[in-house]
Amino acid sequence: GGVAGMLTALRRRFCELQACSVVELEFEARLAFWLNVLNAATLAWVCLTDRQGIRGGFFPMATWVAFLQRSRVNVGGDNYSLFSIEHSMLRAQTQAPGKWLWNFYQGSHLVRAGDPRANAALQRSAPEVSFGLAYPIKAGCAPLRVYRPEAVKPQLLLNCAHYLVGVLRTEPQRRRVCLPQLFKHY
């Protein structure tokens, strides 16, 4: 029972992912699958990681990206970093930010064409995926939810609305709207 029992059950669930065949899933099922795996694995790794190692330093974004790059999950017998799930599976067909520093972060952590794991990526662009990532970061993110293939698009649009309500700032006297960082980034 207790925490040890919950961790054992969680490990058992993650072991079940090794038998999954993502390439057989249709687009919406694949989108929901990867969002659920990424969010669950991120929360599990955050719980199992020393919090000081995630928070630290002069470059908090670099620390977070390093955490995503070293935290892994096995799906269908292949190992994926959380970083590669986000950027190679979920954002495979979506343009990445055009900043030079971003290319440095990605480095060799992406799944490249020719890699058998690339067949598990989304087959078309899904820019709304940004509203399905439940990262526990200071900049904020959309609400955490379990995504279902039959409703994943409406769920992501609802998350977008919740996110905007929580972070959008207006300055009526200056006739200005301040968009969240997420919009500037993607």
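Please refer to the structure placed before this passage.
Note that the structure is a prediction, hence the values are computed from the model and not measured.

Comments concerning the pairing of strand β1 (residues 72-75)
At step 1: Taken together, the four bridges between β1 and strand β2 (residues 78-81) define a ladder with antiparallel strand orientation. Within the sheet, the bridge partner assigned to Val 75 lies in β2 and is Asp 78.
At step 2: Count of turn residues in the β1/β2 antiparallel hairpin: two residues, of which Gly 76 carries a positive phi of about 60°.

Side note on the nonpolar core
At step 1: Judged by nonpolar contacts, the single largest core of 38 residues is most densely connected at Leu 31, Trp 34, Leu 35, Val 75, Ile 85 and Leu 90.
At step 2: Contributions of two or more residues to this core are made by α2 (27-48), α4 (60-70), β1, α5 (82-90) and α7 (152-167).
At step 3: Element by element, the count of residues in this core is highest for α2, at 11 residues.
At step 4: Once residues lying within four places of it in the same chain are set aside, the contact partners of Trp 34 are Val 22, Val 75, Tyr 80, Ile 85, Met 89, Leu 90 and Ala 120.

Considering the packing of aromatic side chains
At step 1: Scanning the entire structure with this criterion turns up three aromatic pairs.
At step 2: With a centroid separation of 5.3 Å and 75° between ring planes, the pair formed by Phe 33 and Trp 34 is classed as edge-to-face. Accessibility assignment for this pair places Phe 33 and Trp 34 in one class, buried.
At step 3: Consider the rings of Trp 34 and Tyr 80, whose centres lie 5.1 Å apart with planes at 65°: the pair is edge-to-face. With a gap of 46 residues between them, Trp 34 in helix α2 and Tyr 80 in strand β2 connect regions that are remote in the sequence. Tyr 80 carries the same exposure label as Trp 34, and that label is buried.
At step 4: One aromatic cluster is present, built from ring pairs that chain together Phe 33, Trp 34 and Tyr 80.

Cut-offs applied
Residues numbered from 1 in each chain as written. Predicted model: local features only at pLDDT ≥ 70, side-chain atom pairs only at ≥ 80, totals over all residues. Heavy atoms only, no water. Pairing = 2+ DSSP bridges. Helix = DSSP H or I, 4+ residues; strand = E, 2+ residues; numbered from the N terminus. Core = buried A, V, L, I, M, F, W, Y, C linked by side-chain atoms within 4.5 Å. Buried < 20%, exposed > 50% of the residue type's maximum accessible area, 1.4 Å probe, protein only. Contact = heavy atoms within 4.5 Å. Phe/Tyr/Trp six-rings, centres within 6.5 Å; stacked < 30°, edge-to-face > 60°.

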